Amino acid sequence: MEFDSPTWAWLVFRDGSPDKRYARYGEVERIDGAGIAGADEQRFFCAHFGGGECNRWYAWLRFGQYLIEGQVVGRMSEETASEMLSSAVTEISVAARRI
């Protein structure tokens, strides 16, 4: 998502994070995530939709006036999902730094 200024992106980053948007579908908890180079802010989440173990992982990143949400969906180990999400958002962050 692109905003007119980093300030608008900062506001939406706080109020529009996955834990707030998807909480009505199940438990969404904040988890530790790998540091993404160049991101001004970053948060990682795990969702328990349908109960049980995590079945969706989110990365919520801000690069100045841009917000990026990455997600991995499926029943897999947390380690595998974390690696997949980290790899995907690292590639995205490389592209975002070029903008």
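What comes next is a walk through the structure. Sequence order sets the numbering: in each chain, residues are counted from 1 along the sequence as written. Local features in a predicted model are, by the rule used here, given only for residues with pLDDT of at least 70; side-chain atom pairs are given and counted only at 80 or more, and totals for whole chains, interfaces and linings are based on all residues. With hydrogens and water stripped out, all remaining heavy atoms of the structure feed into the side-chain values.

Turning our attention to the overall build of the protein. A count of helical and extended segments in the protein gives three helices and four strands. Counting from the amino terminus, the protein carries its helices and strands in the arrangement α-α-β-β-β-β-α. Each residue is assigned to one of three classes by its accessible area relative to the maximum for its type, calculated with a 1.4 Å probe on protein chains only: buried under 20%, partly exposed between the two thresholds, exposed over 50%. Taking all 99 residues of the protein together, 38% fall into the buried category. Long-range pairs, those at least 24 residues apart, make up 44% of the contacts in the protein with a sequence separation of at least 6. Surface exposure here means Shrake-Rupley accessible area, sampled with a 1.4 Å probe, where a residue is shielded only by the protein chains that are shown. For the protein, the exposed surface amounts to about 5,800 Å²; the carbon and sulfur share of it is 50%. The way it works is that DSSP assigns letters per residue, a run of H or I at least four long becomes a helix, a run of E at least two long becomes a strand, and they are numbered from the N terminus. Here, two residues are considered to be in contact whenever any of their heavy atoms come within 4.5 Å of each other.

Residues enter a nonpolar core if they are buried and are Ala, Val, Leu, Ile, Met, Phe, Trp, Tyr or Cys, with the set joined through side-chain atoms within 4.5 Å. Ile36, Trp57, Leu61, Phe63, Leu85 and Val89 are the most contacted members of the largest nonpolar core, which totals 14 residues. Secondary-structure elements contributing two or more residues to this core are β2 (41-49), β3 (56-63), β4 (66-73) and α3 (78-98). It is β3 that contributes the most residues to this core, four residues altogether. In this structure, Ala9, Phe45, Ala47 and Phe49 belong to the second largest nonpolar core, which totals 11 residues.

To describe a pair of aromatic rings, you give the distance between the ring centres and the angle between the ring planes. Centre distance within 6.5 Å is the pairing criterion for rings of Phe, Tyr and Trp, where only the six-membered ring of Trp is used; planes under 30 degrees apart are then read as stacked, over 60 as edge-to-face, and the remainder as tilted. Taken as a whole and judged by the stated rule, the model has three aromatic pairs. With a centroid separation of 5.8 Å and an interplanar angle of 10 degrees, the aromatic rings of phenylalanine 13 and tryptophan 60 are classed as stacked. Separated by 47 residues along the polypeptide, phenylalanine 13 in helix α1 (residues 6-15) and tryptophan 60 in strand β3 bring together distant segments of the chain. Judged by its relative accessible area of 1%, phenylalanine 13 falls in the buried class. Taking 5.0 Å as the distance between ring centres and 20 degrees as the angle between the ring planes, the aromatic pair formed by tyrosine 22 and tyrosine 58 counts as stacked. Taken together, the residues span a long stretch of sequence, with tyrosine 22 in the loop between α2 (18-21) and β1 (26-31) and tyrosine 58 in strand β3 at a distance of 36 residues.

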